[in-house]
Amino acid sequence: MAFDYDLCVVGGCGRVGLPLALCFAAAGLQVSVHDINQAAVAQVNGRVMPFQEDGAQPVLNEVLGKNLTVADDPDLIRRSAAVVVVIGTPVDEHLNPQFGRLTEFFDRLSEQLVDGHLIVLRSTLFPGSTDRLARLLNRADKKVHVSFCPERIAEGKGMEELRSLPQIVSGCSEEAYQRASQLFSVLTQDIIPLKPFEAELAKLFTNSWRYIQFAAANQFYMMAQDFNADFYRIYDAMRYRYPRTEGFPKAGFAAGPCLFKDTMQLASFNNNNFMLGHSAMLINEGLPNFVVDQLRRRRNLAEETVGILGMAFKANVDDGRESLSYKLRKVLQFECRRVLCHDPVMTGEDHLVDLEQLYRDCQVLILGTPHKEYKELKIPPHIEVVDVWNFLPKENVSESIR
Ligand SMILES: NC(=O)c1ccc[n+]([C@@H]2O[C@H](COP(=O)([O-])OP(=O)(O)OC[C@H]3O[C@@H](n4cnc5c(N)ncnc54)[C@H](O)[C@@H]3O)[C@@H](O)[C@H]2O)c1
């Protein structure tokens, strides 16, 4: 069967899908994007990136209408040789994965799937999902080839990392593996073959390991603070010309749409026997409460206005999903007279105030997200600043609670 497109990226207006579609199109493939988010589809078709992603806008300008087609019409799937699926895979309110979402998704797509389709699952998956889906799909009257190639980019750096990172490729059949390898070889020659189950675990191990590393730094930070020691003097000493601590991260509000939920997926997969993961969750999620508790011991927060600098879940992205700045805001709202929020990147949010108002109204400022814009801040000296990240210029931060 002749196809109009080399691939269709389903969920292709999302944070992972769009950079991927743009990179494939920039490499010369005929790319289609199907997404149910009509607003995002309209924005992309209007040549506007729906979110900030370094280097993406010029590529969108170049490829749209040439070899990139974007629509909410699912028929694009039927007309594409490969179907790359990057829809979100959140955990539910009890922190359990939702495999049913994927089966429902494929049930709805059954009309669009055709014999010989290569299906590349790219969303982060509960271990065993790829093989299970391949069995379910091939039980129907169609013969499709299923592959799992986990996305490993860091948000905001996708355009660069999609071309520079090695690509893990797995397939439920030799043909699935070969075709997926061929597809990704237009982005990188550095292909790592794994079985689907191994690839699923590799992705979850990577994110959980990172989450645990942040938790170690956060636990040490809280310990040092509890004993009135300067964590970052210790941190600098530990790292100075000592290669074994090079990767040791700073303390900070570690959250976002991936690390927490992937650690919980792994815990769920292992029958909730993942003490390190659960401990990491308690430590990382407890940091906002710790910071507020420390402030409360010294200040009469009930009479004060506290400001949060940065609402995004990490520096230099406009993504507030699962950001601990919102949890911090919630804890502060319970304790303080008023809470004000600022973010130079997440400009679409209507609850944000400008720096002028923060400086005028706040007695305390807490750095929620170390956006690069904050390096230049000139915070009035009467305001106490809490910088868990050790990011702001020293003259801005009070000695007692860095
Ligand atoms: N954000 C990251 O940096 C990152 C990195 C690596 C892996 N991942 C994983 O990638 C997956 C996607 O994450 P994301 O951050 O891009 O999510 P996202 O919410 O930004 O994107 C998902 C997109 O899928 C679309 N969509 C949802 N259901 C659909 C359907 N039935 N048909 C068509 N489109 C549909 C949504 O409209 C949205 O545009 C998740 O599994 C995530 O864990 C994310």
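Presented here is an overview of the structure given in this document. (Residues numbered from 1 in each chain as written. Predicted model: local features only at pLDDT ≥ 70, side-chain atom pairs only at ≥ 80, totals over all residues. Heavy atoms only, no water.)

Topic: the packing of aromatic side chains
Right, on to step 1. As enumerated under the stated definition, the model contains 13 aromatic pairs in all.
Right, on to step 2. Seen from their ring centres, Tyr221 and Phe290 are 6.3 Å apart, and the 70° between their planes marks the pair as edge-to-face. Of the two residues, Tyr221 is situated in helix α9 (residues 196–226) and Phe290 in helix α12 (residues 275–298); the sequence distance between them amounts to 69 residues.
Right, on to step 3. The class of Tyr221 is buried, set by a relative accessible area of 1%.
Right, on to step 4. Classification of Phe290 as buried rests on a relative accessible area of 13%. (Phe/Tyr/Trp six-rings, centres within 6.5 Å; stacked < 30°, edge-to-face > 60°. Helix = DSSP H or I, 4+ residues; strand = E, 2+ residues; numbered from the N terminus. Buried < 20%, exposed > 50% of the residue type's maximum accessible area, 1.4 Å probe, protein only.)

Quick notes on the pattern of salt bridges
Right, on to step 1. All chains considered together, the criterion is met by 19 salt bridges.
Right, on to step 2. Across the pair Arg79 and Asp4 runs a salt bridge, and its minimum N-O distance is 2.7 Å. Pair noted here: Arg79 is in the loop between α4 (75–78) and β4 (80–85) and Asp4 is in the segment before β1 (5–10), with a separation of 75 residues, a long-range link.
Right, on to step 3. When its relative accessible area of 45% is taken as the criterion, Asp4 is described as partly exposed.
Right, on to step 4. The closest approach of N and O atoms between Asp318 and Arg15, which form a salt bridge, is 2.8 Å. (Salt bridge = Lys/Arg side-chain N within 4 Å of Asp/Glu carboxyl O.)

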